[in-house]
2 protein chains.
Amino acid sequence: MVRTYREAGIDVEEAARAVERIARAAAATATPAVLGTIGGFGGLFRFDPATHPDPILVSSTDGVGTKLKVAVALGRHDTIGVDLVNACVNDIVVTGAIPLFFLDYLAIGDLRADIVEEIVGGVAAGCAAAGIPLIGGETAQMPDVYRDADYDLAGFIVGVVSRDDLIDGSRARPGDAVIGLPSSGLHTNGYSLARRVLREDSWRSRMPEGDRTVGDALLEPHRSYLDEIRMLRVALRGAGSDLAALAHITGGGWEGNVPRTLPVGLGVEIETGSWPVPGIFSLIQSSGDIADDEMMRTFNVGIGMTAVVSAEHADAAIASVGDAYRIGQVVPVPEGEPRVRFV
Amino acid sequence: MVRTYREAGIDVEEAARAVERIARAAAATATPAVLGTIGGFGGLFRFDPATHPDPILVSSTDGVGTKLKVAVALGRHDTIGVDLVNACVNDIVVTGAIPLFFLDYLAIGDLRADIVEEIVGGVAAGCAAAGIPLIGGETAQMPDVYRDADYDLAGFIVGVVSRDDLIDGSRARPGDAVIGLPSSGLHTNGYSLARRVLREDSWRSRMPEGDRTVGDALLEPHRSYLDEIRMLRVALRGAGSDLAALAHITGGGWEGNVPRTLPVGLGVEIETGSWPVPGIFSLIQSSGDIADDEMMRTFNVGIGMTAVVSAEHADAAIASVGDAYRIGQVVPVPEGEPRVRFV
């Protein structure tokens, strides 16, 4: 007969150990804006309006999809938190916002403090790299929802942008250049397809390039474009221009993400072959015999962020970040036509 | 052979239908502070520093635990979102903060737009009741993590409190009164134990009181104490006093939540029997033959929020909210002794 919470599958002591380690990881990310939490119910962040006149708080939540299944299968949990933070960071920097703080939600079947520590350690590392505190979180033991070592991880970010600095696509014009910032791999999208095509038994084999395993390539963390966008903006503003639009190439691929950052009536023409495609995409496509358009609908295929800039400033903008490509241009698109065309 | 995202279990069209319905539900919660989202990557909330001098942003994330399993088993998904919002609201109002906006993360095995609409409709209803916009969210299809109709739901809230209005326990003194605000049931805690004791086949049977089914009692939404705390504070400040400490009785029960809102060296003495205990707790305890202390460690047992106020203002404070009980007092506690004692 089950008479205690512990017998019902909830290990309160192991949870306390996990919470201690989480607290240590989070404390390492603290900034002067973080106030001691009160009873740990909420994270406290002192906001200085003087540094952000007319502030708009920009927030986003994201998960890492079934990339989790790769981490669980390979028993490597220390990078999935980096994925989580960077996926969220990229979602808000497209508006011109700078990140302020982060929270994570971790739900797990069989709670083990060492695995929780690895996971949240990755979240803390991602936060530290972005210069923001991990200000709160929740760790839920849900033995009947998650099988054994399975878990889910969601992140939540808040940033700020002054109203005058908002990037909203309204400056985009036909003829503007589209700049692509390279992705590090699949980032956090398309894993349900990738895992069907590249079966688990192949994850320990070498990539065709021979440099690392398929599993390593699949687990490569989502890149953050925080620094690149800052550099692009400084360069463009220095030249009297600015970023016109930014798109994070995430769930929904190119068609699902680029158009929604541009005014109605505008789309992009993208030159296939104008950027290097990481080997993992070629391997997925050839292994699964996947059509080109399905690839572009499901994956980022080598570009994790697109930036629209005036054509005359494109070269200087690219030079400011170094690792970037001129991959296309903004074009007028009649209603009902596809707004992303690959040529 | 799997060659498309759809064949891999990801239904992009059904997801689009779900997103449309989510957008409609979220739009109904918009306030003038919400700016049109840019490409939907991030939610934009215009923050007015003039109304919150020296602002502290207070944020929290929470889930609803395995209360989800009850919702799934009974096929009722329209209240779990209310639970989610109120669990988060209560986590930040204990600092004196007022909520600003909310985001939700929904991960689901088999995505069906009608179920997503029910779930997110509940989130939107909770937001509307709290007067805040549902400003963003993520809906993830994860067919290999969640079994069939199973899902998980996490919420993120941001609120604000001026530094002078922060409730941080520092005003608490021995002899202060503890006021209890009644819970509506289990709220969102202890379901892993409750579901072991009250098996699924009993959920359609009547409660001993006969007024409703066991399933209805288990699914009763988490109460929000936003209004009650506002009323308490107005009454106390009007009398030249203030709230000294607030505790949300959530995961970890009484011992896990009340002490962490009080200064070291202080605890509470609680008079068992000084408030009415909802029938669902008695049913769980008697069905499972659960010890009293295990009940108080796992469940809220009828009190969802405790407030510490000076003894002389306790009666006026209780009168200001009506439905509240004087349930104990603040006492000095030597180091190492339990900080919650039931007498």
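Engineer: Mind laying out the packing of aromatic side chains, listing which residues take part and the relevant values?
Structural biologist: In this description, an aromatic ring pair is defined by two values, namely the gap between the centres and the angle between the planes. Taken as a whole and judged by the stated rule, the model has eleven aromatic pairs over all chains. Judged by centre distance (5.6 Å) and plane angle (90°), the rings of F47 of chain A and F47 of chain B are edge-to-face. Of the two residues, F47 of chain A is situated in the loop between β2 (43-46) and β3 (55-63) and F47 of chain B in the loop between β2 (43-46) and β3 (55-63); the pairing between them involves two chains. Plain terms: the ring middles of W254 of chain B and F342 of chain B are 5.8 Å apart, the flat faces sit at 75° to each other, and that makes the pair edge-to-face. Pair noted here: W254 of chain B is in helix α8 (residues 253-257) and F342 of chain B is in strand β12 (residues 340-342), with a separation of 88 residues, a long-range link. By relative accessible area, which is 31% here, F342 of chain B ends up partly exposed. Through pairs of rings, three or more aromatic residues link up here, namely W254, W275 and F342 of chain A. If you follow R260 of chain A out to its NZ or CZ, it ends over the ring of F41 of chain B, 4.1 Å from the centre.

Engineer: Give me the lowdown on the sheet that holds strand β1 (residues 34-35) of chain B, citing residues and values where you can.
Structural biologist: Strand order in the open sheet formed by six strands is β5(A)-β4(A)-β6(A)-β3(A)-β2(B)-β1(B), and the pairing between neighbours is mixed. Every interior strand has two partners, whereas the edge strands, β5 (134-141) of chain A together with β1 of chain B, have only one. Here strand β4 (residues 98-108) of chain A pairs with β5 of chain A via seven bridges, running parallel. Looking across to β5 of chain A, one finds that Y105 of chain A is bridged to E138 of chain A. Against the sheet, helix α4 (residues 113-130) of chain A engages β4, β5 and β6 (151-162) of chain A, with an angle of about 170° to β4 of chain A.

Calculation rules
Residues numbered from 1 in each chain as written. Chains lettered and ligands numbered in written order. Predicted model: local features only at pLDDT ≥ 70, side-chain atom pairs only at ≥ 80, totals over all residues. Heavy atoms only, no water. Phe/Tyr/Trp six-rings, centres within 6.5 Å; stacked < 30°, edge-to-face > 60°. Helix = DSSP H or I, 4+ residues; strand = E, 2+ residues; numbered from the N terminus. Buried < 20%, exposed > 50% of the residue type's maximum accessible area, 1.4 Å probe, protein only. Lys NZ or Arg CZ within 6 Å of the ring centre and 35° of its normal. Pairing = 2+ DSSP bridges. Contact = heavy atoms within 4.5 Å. Axes fitted to C-alpha atoms, helices over the stretch in contact; angles between N-to-C directions.

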